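Structure assessment
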Amino acid sequence: MNKPYRIVMLGKQGAGKGTQCSKLAATLGIAHISTGDMLRSAAREGTEFGKLAQGYMERGDLVPDEVILGAVRDRLYRSDCREDGFVLDGFPRTLAQAEALEEILTPEGVKLVINLDVSTEVVLRRLSSRRVCTGCGRTYSIDFPPAVDWTCDDCGGTVVQRADDTPEAISRRLAIYEELTAPLIAWYEAKGRFVTVSGEGDFDAISDEILATVTRF
Ligand code: ADP
Ligand code: ZN
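The following refers to the structure shown. Predicted model, so just to flag it, every value in this text is computed and none were measured.

So, on to the sheet that holds strand β4 (residues 112–117). Reading across the sheet, the five strands line up as β2-β3-β1-β4-β8 and stay open at both edges, with parallel pairing between neighbours. With one partner strand each, in any of the chains shown, β2 (31–34) and β8 (194–198) form the two edges of the open sheet. With strand direction ignored, the average angle separating the axes of adjacent strands in the sheet is 20°.

Read from one edge to the other, the open sheet built from three strands follows the order β6-β5-β7, with strand pairing classed as antiparallel. For this open sheet the edge positions go to β6 (139–141) and β7 (159–160), each flanked by a neighbour on one side alone. For strand β5 (residues 130–133) and β7, the ladder comprises two bridges, and the chain directions are antiparallel. Each bridged residue has a counterpart across the sheet, and for V132 the counterpart in β7 is V160.

Attention shifts here to the coordination of the zinc ion (ligand 2). The expected angle between donors at a tetrahedral four-coordinate metal is 109.5 degrees. At an octahedral six-coordinate metal it is 90 or 180 degrees. Around the zinc ion (ligand 2), the donor atoms from the protein are C133 (SG), C136 (SG), C152 (SG) and C155 (SG), and they sit 2.3 to 2.4 Å away. Every donor counted, the four donor atoms about the zinc ion (ligand 2) form angles of 95 to 116° at the centre, which fits tetrahedral coordination. Mapped onto the sequence, the donors of the zinc ion (ligand 2) take the spacing C-x2-C-x15-C-x2-C. Residue C133 is located in strand β5, and its partner C152 is located in the loop between β6 and β7; the two are separated by 19 residues in the primary sequence. This pair shows no difference in class: C133 is buried, exactly as C152 is.

Okay, the site of ligand 1 next. In the neighbourhood of ligand 1, 18 residues make up the surrounding shell, with T35, R40, D61, R93 and R173 lying closest. In this structure, an oxygen atom belonging to ligand 1 sits 2.9 Å away from a side-chain N or O atom of R40. The protein chains hide 96% of the 540 Å² of surface that ligand 1 would expose on its own. It is helix α2 (residues 35–45) that provides the largest number of residues to the shell around ligand 1, a total of four residues.

With that settled, the discussion passes to helix α3 (residues 48–59). Every α-helix winds through 3.6 residues per turn, so residues three or four apart in the chain are directed the same way. Listed in full, the buried residues belonging to α3 are G50, A53 and M57. The arc enclosing the buried residues of α3, seen along the axis, measures out at 75°, which places them on a common side. Along α3, the residues that are exposed and aim more than 90 degrees away from the buried face are E48 and K51. Buried positions along α3 lie against α2. Looking one or two residues past α3, G60 carries a phi angle of roughly 95°, positive in sign.

What follows is about the pairing of strand β3 (residues 85–89). Where a strand is regular, its side chains alternate between the two sheet faces. A large share of β3 lies buried, amounting to five of its five residues. With burial as the criterion, each face of β3 is covered, one bearing G85, V87 and D89 and the other bearing F86 and L88. Where strand β1 (residues 5–10) meets β3, five bridges bridge the pair, whose relative direction is parallel. The residue of β3 that forms the bridge with R6 is F86. The pairing of β2 with β3 spans four bridges and is classified as parallel. Following the sheet pairing, S34 is matched in β3 by D89.

The rules we used
Residues numbered from 1 in each chain as written. Chains lettered and ligands numbered in written order. Predicted model: local features only at pLDDT ≥ 70, side-chain atom pairs only at ≥ 80, totals over all residues. Heavy atoms only, no water. Pairing = 2+ DSSP bridges. Helix = DSSP H or I, 4+ residues; strand = E, 2+ residues; numbered from the N terminus. Axes fitted to C-alpha atoms, helices over the stretch in contact; angles between N-to-C directions. Donors = N, O, S within 2.8 Å, 3.2 Å for Na, K, Ca; no water. Tetrahedral: all angles 85-135°; square planar, octahedral: opposite > 155°, others 65-115°. Buried < 20%, exposed > 50% of the residue type's maximum accessible area, 1.4 Å probe, protein only. Near = heavy atom within 4 Å. Polar contact = N/O pair within 3.5 Å; in protein donor to acceptor, adjacent residues only side chain to side chain. Areas by Shrake-Rupley, 256 points an atom, 1.4 Å probe, with all protein chains shown as cover. Arc of directions from axis to C-beta. Contact = heavy atoms within 4.5 Å.

Printed below as a string of structure tokens:
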């Protein structure tokens, strides 16, 4: 694939999209656009957009399209995305969002969709043990905590459990994934340019496979 890269990473909550996308983006020199990170930082900063999103996020519900679409469109229209490209993480999550994305990217559209595939059993375990830095977003877990007392190794921020990593919110998010996001797999598959990569196993082996997939296209 040549620049501009226009990649979508699909996958369940806890599949590892965030960490894999940030590595891929750094390797290719492109933007990593995580709608979850955009919404969380807006909520932290207390912007109007963030306030609108916060309640939905804490319950584990999807934020309404009218809240999220404008922000995604603005970001994708910026020159770094147009010239070098991007990897989208957490967007689209519904058929309506996928259709809106095609329209935003007209006429070229998405070049590659990678489906990072992990069993529900594994994501349940990962999400309930996940802890996240409130400063920079780095992910830890109860098995791999920061070196010092839940203080981020990178930025010194406090490392906590996300408000939506409670058992109730996790099961709600996974149910929404099955109902609204999983149908995107068949939708993108029918368009071609769709590859499934297993998200289980060694982190570096998975990122090597993702990079090889992108290079092949
Ligand atoms: P996860 O995929 O583990 O739920 P994210 O960080 O991707 O975590 O998203 C966190 C929350 O942000 C979602 O539960 C949802 O409320 C909101 N969100 C993120 N992306 C979208 C989107 N494309 N459409 C609607 N809501 C979104
Ligand atoms: Zn940090």
